[in-house]
Amino acid sequence: MSTTTAVVRKNTYFDSVSLMSVSTKANGLDGVEQAFTAMGTEMNKGVLENLGLLTDELRAAESGDLMIVVVAADGSDTEALLAEVEDLLTRKAPASAGAAEVTYRTVASAAAGIEGANLAVIAVNGAYAAREARKALESGLHVMMFSDNVAVEDEIALKNLAHDKGLFMMGPDCGTAIINNVALCFGNKVRPGSVGIVAASGTGSQEVSVRVHALGGGVSQLIGTGGRDLSERVGGIMMVDGIRALAADPATDVIVLVSKPPAASVEKKVLAEVAAAGKPVVVWFIDGSEEAVTAAGGHFAADSLQAARKAVELAGITGPAVEEFDAGAAAAEVVARLAEGQKYVRGLFCGGTLCDETMYAVRDAGLDVWSNIQKDPGFRLPAGSASRGHTFLDFGDDDFTNGRPHPMIDPALRIERIVEEAGDPEVAAIVLDFVLGFGSHEDPVGTTLPALREARRIAREAGRHLEIVAYVLGTDLDTPSVVAQSDALRAAGVTVTLSSTETGRFAREIAKKAQA
Amino acid sequence: MSTENTEPTPAARLFASDLSVVNVGLALFDADIAAQGAQVSTLDWTPPGGGNADAVRALDALERAGVAERIEAANAEAVERVMAARPMLVGFDRALDVVPGMTPTTILHSGPPIAWEDMNGPMKGAVTGAIVFEGLAKDLEEAAEVAASGRITFKPCHEADSVGSMAGVTSASMYVHIVRNETHGNTAFTNLSEQMAKILRMGANDQSVIDRLVWMRDVFGPMLKEAVEFTGPVDLRLLLSQALHMGDECHNRNGAGTLLLFQALAPGLLRSSFTTEQKKEVFDFVASSDYFSGPTWMAMAKAALDAANGVADSTVVTTMARNGVEFGIRVAGLPGQWFTGPAQRVVGPMFAGYKPEDSGLDIGDSAITETYGFGGFAMSAAPAIVALVGGTVADAMGYTRDMGEITTARNPNVTIPALDFQGIPTGIDVRKVIDTGILPVINTAIAHREAGIGMIGAGITHPPAEAFTKAATALAAALA
Amino acid sequence: MEDPIGAPSIPVLSGDGRLLDLLSSLRGTGSVHSVFTRVVNLLTPGGTLIALAARGSGDAPRTLVADVAAWSAYQLGAGLGVTFATGNIALDRSPALRRPLRLATAGARAWRPAAPSLAPLPPGALARAADAVARICRVHGPLGGMLGARPGAGPMEAAVVRALHTGRDLLLAGLRTGEEERTRDGVLALLGLGPGLTPAGDDFLTGLVLVAALPGSRLDGFPPLLRDLLAVRGDRTTALSLATLSEAAEGRVRSELLGLVALLAHGNPTGAGPAATGPRPGTAPAATPGGGPRPGELHASVREVLAIGHSSGGDLLSGLVAGLRLEEELRGPL
């Protein structure tokens, strides 16, 4: 039995000749027995009724409405046919005969020419990035700005413009976002879910999203605000707008905030939003204090793992039981194998927040730590200087990246350093991170393994045990997967930790015991 | 905060839609986003102003709040004037009698101002030919002395309400088109087509060239003058739009336009007071080359664009012209000023026997057609042109689309059937040229670099970016 | 405010004289009703549907012909506001274009068609005219409406064509016998019936009522009857058809059709044919000698009508032919 399908276009007008051509083309579609276009007048509906073709939809058509009646052959997919007919009606004449897909030259023309375009990813030289972002915002696009080296004045102007238009101005200098389950720039493949993340830290937010996933939860949106958003000058414009957007988002049940500690005035502003969100908000301000967060009604997280755990718990998800890692016992085993003089931990990181988390864990044990991202100038170690004591380097920081790709894309610089550290008889352990996911190197472990073997050979030949600890940030859904990369590390004798937080604890215990 | 507001916020709309990304800069992200099933379109991005810091600074100044709005309004005004202009061919006459400022010793040339000693070979050839034609010297040798003597006033056509194709050399007793912009009241002039390849405007100047000029002065010009007296004014914009519908772009391809113009003039030519033999000569002469209407469309464009000159704050280009050494542009908001850069090479197929190194640099006022929005800008109206200038039909379509990115409006009076009757891209905006890094495309003839040989090919060229950078800098100084 | 250099507005080249009279005193806000490539329909403040046609379109009732090549380039859309003021009509455009599109009606040539009279035609002339038109339609007319279904058409088209023919027969029978009830049923059977944008039944009625509205017609009772019926049953068809039919009932139809009727009535298409396409250099208006259509002239005129819409022309002519035949029949042998 054939079925009637119909499209009714309210008060829509086509030139008679193009209408005729739609009708002819519709008659030529596979699976169409007959197609007919006419206005929805009484008489026309009467004819259809007599033929038994008058559906309810057609019955409701009025004189000024255009009816496209399609009688589909038995067994044909009427939904698909209808879509094809709709397509005939809406198809615009091709802008150029025979030309391939249109390539746009400017953001404005792309925004105007691509129906439904809603977000621009800007990854051009910092000198031009602000301009392109402004054009995008002016064209009504949300912006994810991957570029760094953007002047803070430009950032403020752009964020104010975005705020006025109700748009997102994500970035600069924090290349992570997940919008509608699509990771932009650096990001991991995680399950869709109810945890919304607003983050001023790239790898910090990647870590939280990956932990949430591992704990059985999922991410609704991940909004990267840019590393400077919570500074006094920028004033948290994007984080405030991000919290509000997630507070209003029906798909988000729990909000997680990730940042280095904000400027005091900004913290106040952000915590006021936490109080007003109307949803549970987990706050992980790296190295931040609990009191203010709790006072604002937020849920304080002391580390990334705790942030993810609280979020998942508040979202009502019971994930797989996770075995607690006994960092103390594991560290004791390591230290037992060390030679005389092996005292220090050397952390070589791609992810800034991963570096921070481990560095602070060691520092919190009362030990001195040197770093290129140390806040205390007395312990700051510029790029190019040799390591000292417990050293933690962020290879993603500007003074290392200057002119080069980010170490998540190009790990060459860190590979050299691994071998260099292995030759230092004071080194007890080297701690590394490997960041998987979109935007990252396609096989970061594989490309580093020869250097790890070389490092262990150097130590072995000098009669030392060199402990290599690595954390792989990624999920089972990433390509390559966290499982494969971890297995490859273990096979090379590397101790693989299971979260950034655990990495910090393990490093702290080794440092404490080795130095003791 | 309003509780009544039911309109979703842009953020809510984003969360509720399919993600569609415009990717600027890194192609790497294109693949990642596409792999996750989202729409992504990566721009063919180049830094604004080709990365020239002056250009970007000027652009930033012109885009500042307050300034930008003024410019937008001015450009809308300028381009409305160009589009509303209704140029009518109202007659033909001797340059001396109609062109403002013309004297017996004035010689107009194409492009921005240039001194005799700086002119290239073809322009020098045309100038000396014209001096002989005017009887100011007995031969070419003496003509060169006269040219260098300071007795001749050299002036760009554009500064005498005129345009001239190729060398653009126009002297007192040559006949010119008179094109009146009925809407705004201004008038534009241009020389008659000499039809052949070996002609004065291409730098040829032997006796055959001079003889033809004499015939044009004594028969062709006067007959055209009488013809229009019989036919009455001819609506050139209307004929132009018809010619585009018939497959011309009216710069390098003029077959349809010439038929239409001749169709309009033929009854008047027949009724003129000349002998049948002379009429046959004229008909044969017109039939000898499709280019007959080429200058006519130039004057049409000039009459329309001049209406926009002097619109304060406007960044719309009203002139693009080359003198064989320099390419100059003029802008509506800075009347009278030229912004120049070196004339470029024209790239395209050459006539048999010539090589690229034989070609002279880009020359002539004919880029006024592109300034109005046809010629290279309307290549999609003339897909057959690709055989002449090289490239593919898809390229032709692409050129028109690209020109849409640097122009202010689409002229609804002159449309392109193949683009669903989209209007031609009109009103080149200096800011957009700098912003997009897209330079206007010009279809043009290639003249031999030496005097006396003439046209040896046709092709495509662009203005030097430098001219636009200078214009943007001057605009920024004046407006911001 | 006056623009010193000349307002950038689009001149209206010609227009229905009655409409121009109406516009001269019309103030207020209307809207864009519908947009086609070459025609934009507007609703006046009073709700009357009027048309803006592109250059080269023929004059027609309630229509202005403006100096534009096509409307598609102007980014107009249904629902946009339209301001009617002295001497001009301003159409709002998409915000990107900033300024409204202004149409200046001041210089428009007024089209005031006079309906030719059928009275002086000798016996047999109407039938001969009808036969000649019908012959050309048979060869060149588009199928799918009054002229019959297309070969291989589906059951829907066949059913519509059957219904059209039934309605036509009912209406003609009613007119022939002067039975108002049957005539009314016939009209209602055709009104709004048929495929495409303009229902074929309406086009047929237009052609038929035009003949009836001409001076000297024996069918002079039909136009008032149709007008009354439209007043109460206008909802049975589209707004466009309603406007066209109301005008046709007063003998006012588009110039192509009127030109054909004039040609049939006295061999001279006065004021008909495509409107002047602006100043066309060198072509002085050709004097048409009177006294019967010249060879090929009737053919050209019918082809012009056939070119209207996709199948509208054929349906209009079917109505015209039916009207002429009926007229001849009712006159009877003298």
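An account of the accompanying structure is given in this report. In this text, all values refer to a predicted model and were calculated from it rather than measured experimentally.

What to know about the overall build of chain C
Phase 1: When you go through chain C residue by residue, the secondary structure sums to 10 helices and nine strands.
Phase 2: Counting contacts in chain C only where the partners sit at least 6 residues apart, residues at least 24 apart contribute 65% of the total.
Phase 3: Summing over all exposed atoms, chain C offers an accessible surface of approximately 13400 Å²; the carbon and sulfur share of this is 56%.

Brief notes about helix α18 (residues 482–491) of chain A
Because an α-helix completes one turn every 3.6 residues, residues spaced three or four positions apart along the sequence face the same direction.
All names here are of chain A.
Phase 1: Every buried residue of α18 is listed here: V482, Q485, S486 and L489. The buried residues of α18 occupy one face: seen down the axis, they fall within an arc of 95°.
Phase 2: Looking at the buried side of α18, the elements it contacts are β17 (427–435), α17 (444–461), β18 (467–473) and β19 (495–497).
Phase 3: G493, located one to two residues past α18, shows a positive phi value of around 85°.

Structural notes on the packing of aromatic side chains
Phase 1: As enumerated under the stated definition, the model contains 14 aromatic pairs over all chains in all.
Phase 2: With a centroid separation of 5.0 Å and 85° between ring planes, the pair formed by F220(B) and F285(B) is classed as edge-to-face. On the criterion of sequence distance, the pair formed by F220(B) in helix α8 (residues 207–231) and F285(B) in helix α11 (residues 276–287) is long-range, its members being 65 residues apart. Side by side, F220(B) and F285(B) carry an identical accessibility label, which is buried.
Phase 3: The rings of W215(B), F220(B), F285(B) and F292(B) are connected pair by pair, giving a single aromatic cluster.
Phase 4: Sitting over the face of the ring of F434(A), R414(A) holds its NZ or CZ atom 4.9 Å from the ring centroid.
Phase 5: The residue whose ring lies beneath R330(B) is W338(B), and the NZ or CZ to ring-centre distance is 4.8 Å.

Here we look at the packing of helix α9 (residues 297–306) of chain C against helix α10 (residues 312–331) of chain C
All names here are of chain C.
Phase 1: Closest axis-to-axis distance for the α9/α10 pair is 7 Å, and the angle between their directions is 120°. In terms of axis orientation, α9 runs oblique to α10. Contacts between α9 and α10 involve V302, V305 and L306 on the former and, on the latter, G313, G314 and L317.
Phase 2: Here the contact of α9 with α10 is built from residues that sort into four nonpolar, two polar and no charged.

Digging into the interface of chain A and chain C
Phase 1: Taken together, the contact pairs 23 residues of chain A with 28 residues of chain C.
Phase 2: Of the roughly 2200 Å² buried where chain A meets chain C, counting both sides, 69% is carbon and sulfur surface.
Phase 3: The interface formed by chain A and chain C includes six residue pairs in polar contact (both at pLDDT 80 or more).
Phase 4: Listed by contribution, the elements that provide at least two residues to the side of chain A that touches chain C are α1 (16–27), β2 (32–39), α2 (42–50) and β3 (66–72) of chain A.
Phase 5: With six residues, the top contributor of residues to the side of chain A that touches chain C is β2(A).
Phase 6: Of the residues belonging to the side of chain A that touches chain C, the class tally is 15 nonpolar, six polar and two charged.

Notes on the interface of chain A and chain B
Phase 1: Taken together, the contacts link 50 residues of chain A with 44 residues of chain B.
Phase 2: For the pair chain A and chain B, the summed buried area comes to about 4100 Å², and 61% of that belongs to carbon and sulfur atoms.
Phase 3: The largest share of the area that chain A buries against chain B comes from R105(A), Y128(A) and R131(A), three residues that together contribute 19% of it.
Phase 4: Across the salt bridge formed by K135(A) and D435(B), the nearest N and O atoms sit 3.1 Å from each other.
Phase 5: One can count 22 residue pairs in polar contact (both at pLDDT 80 or more) joining chain A with chain B.
Phase 6: Sorting the residues of the side of chain A that touches chain B by element identifies α5 (107–113), β4 (119–122), α6 (126–138), β8 (182–185), β10 (219–224) and α9 (237–248) of chain A as the ones contributing at least two each.
Phase 7: In terms of residue count, α6(A) provides more of the side of chain A that touches chain B than any other element does, five residues in total.
Phase 8: For the side of chain A that touches chain B, the residue count by class is 31 nonpolar, 12 polar and seven charged.
Phase 9: In this sheet, strand β1 (residues 20–24) of chain B lies alongside β4(A) in parallel orientation, the contact comprising four bridges. Paired with A120(A) across the two strands is V22(B), which belongs to β1(B).

Details of the pairing of strand β12 (residues 326–331) of chain B
Residue and element names in this part refer to chain B.
Phase 1: With five of six residues buried, β12 lies mostly within the body of the structure.
Phase 2: Where strand β11 (residues 317–323) and β12 come together, five bridges link them in antiparallel fashion. Bridge assignment links V317 to a residue of β12, and that residue is V331.
Phase 3: As paired strands, β12 and strand β13 (residues 339–342) are joined by four bridges and run antiparallel to one another. Residue pairing in the sheet places G328 in a bridge with T340 of β13.

Overview of the environment of A458(B)
Residue and element names in this part refer to chain B.
Phase 1: Tracing the sequence through the fold places A458 in strand β18 (residues 455–461).
Phase 2: When the C-alpha positions of A458 and V389 are compared, they lie 5.7 Å apart, and in sequence the two are 69 residues distant.
Phase 3: Apart from residues lying up to four places away in sequence, A458 is in contact with N252, G348, P349, L388, V389, T444, A445 and I446.

Topic: the environment of T237(C)
Phase 1: In this fold, T237(C) is placed in the loop between α6 (222–233) and α7 (239–248).
Phase 2: Taking relative accessible area as the criterion, T237(C) reaches 4% and is therefore assigned buried.
Phase 3: Expressed as a C-alpha distance, the spacing of T237(C) and L193(C), which sit 44 residues apart in the sequence, is 8.1 Å.
Phase 4: Contacts of T237(C), omitting those with residues within four sequence positions, involve T41(A), S63(A), L191(C), G192(C), P199(C), D202(C) and L242(C).

With respect to the pattern of salt bridges
All names here are of chain A.
Phase 1: A full pass over the atoms with the stated rule returns 66 salt bridges over all chains.
Phase 2: E509 is the salt-bridge partner of R508, the closest N and O atoms lying 3.7 Å from each other.
Phase 3: Since its relative accessible area comes to 25%, R508 is described here as partly exposed.
Phase 4: A relative accessible area of 12% means that E509 is categorised as buried.

Considerations on the environment of I50(C)
Phase 1: Position of I50(C) among the secondary structure elements: in strand β4 (residues 49–53).
Phase 2: A sequence separation of 13 residues divides I50(C) from T63(C), and the C-alpha atoms of the two residues are 5.9 Å apart.

Here's the deal with the sheet that holds β12(B)
All names here are of chain B.
Phase 1: Read across the sheet, four strands follow the order β13-β12-β11-β14 without closing on themselves; strand pairing throughout is antiparallel. The strands lining the two open edges of the sheet, one partner per strand, are β13 and β14 (363–364).
Phase 2: Bridge count for β11 against β14 is two bridges, and the pairing is antiparallel. Its bridge partner lying in β14, N323 is registered against I363.
Phase 3: Lying on the sheet, helix α17 (residues 465–479) is in contact with β11, β12 and β13; it crosses β13 at an angle near 155°.

Thoughts on the sheet that holds strand β1 (residues 3–9) of chain A
Phase 1: Here we have three strands laid out as an open sheet, ordered β1-β3-β2 (chain A), and antiparallel in their pairing. In this open sheet, the two strands that pair with only one neighbour each are β1 and β2 of chain A. Each adjacent strand pair in this sheet contributes to an overall mean axis angle of 15°, direction not counted.
Phase 2: Both β2(A) and β3(A) contribute to a ladder of seven bridges, which runs antiparallel. When the bridges of β3(A) are listed, A38(A) appears paired with M67(A).
Phase 3: Relative to the sheet, α2(A) contacts β2 and β3 of chain A, its axis offset from that of β3(A) by approximately 10°.
Phase 4: In the packing of helix α3 (residues 155–177) of chain C onto the sheet, contacts are made with β2 and β3 of chain A, and the angle to β2(A) comes to roughly 40°.

So, helix α2 (residues 27–35) of chain B
Phase 1: If you check which residues of α2(B) are buried, you get F29(B), D32(B) and I33(B). The arc that holds every buried residue of α2(B), seen down its axis, measures 95°, which confines them to one face. Of the residues in α2(B), the exposed ones pointing more than 90 degrees away from the buried face are A27(B) and A35(B).
Phase 2: Its buried side turned inward, α2(B) meets β4 and β8 of chain A together with β1 and β2 (39–42) of chain B.
Phase 3: G37(B) sits one or two positions beyond α2(B) and adopts a positive phi of about 85°.

Criteria and cut-off values
Residues numbered from 1 in each chain as written. Chains lettered and ligands numbered in written order. Predicted model: local features only at pLDDT ≥ 70, side-chain atom pairs only at ≥ 80, totals over all residues. Heavy atoms only, no water. Helix = DSSP H or I, 4+ residues; strand = E, 2+ residues; numbered from the N terminus. Contact = heavy atoms within 4.5 Å. Areas by Shrake-Rupley, 256 points an atom, 1.4 Å probe, with all protein chains shown as cover. Buried < 20%, exposed > 50% of the residue type's maximum accessible area, 1.4 Å probe, protein only. Arc of directions from axis to C-beta. Phe/Tyr/Trp six-rings, centres within 6.5 Å; stacked < 30°, edge-to-face > 60°. Lys NZ or Arg CZ within 6 Å of the ring centre and 35° of its normal. Axes fitted to C-alpha atoms, helices over the stretch in contact; angles between N-to-C directions. Parallel < 35°, antiparallel > 145°, perpendicular 65-115°, else oblique. Nonpolar A, V, L, I, M, F, W, Y, C, P; charged D, E, K, R; others polar. Buried area = accessible area lost by both parts, 1.4 Å probe. Polar contact = N/O pair within 3.5 Å; in protein donor to acceptor, adjacent residues only side chain to side chain. Salt bridge = Lys/Arg side-chain N within 4 Å of Asp/Glu carboxyl O. Pairing = 2+ DSSP bridges.

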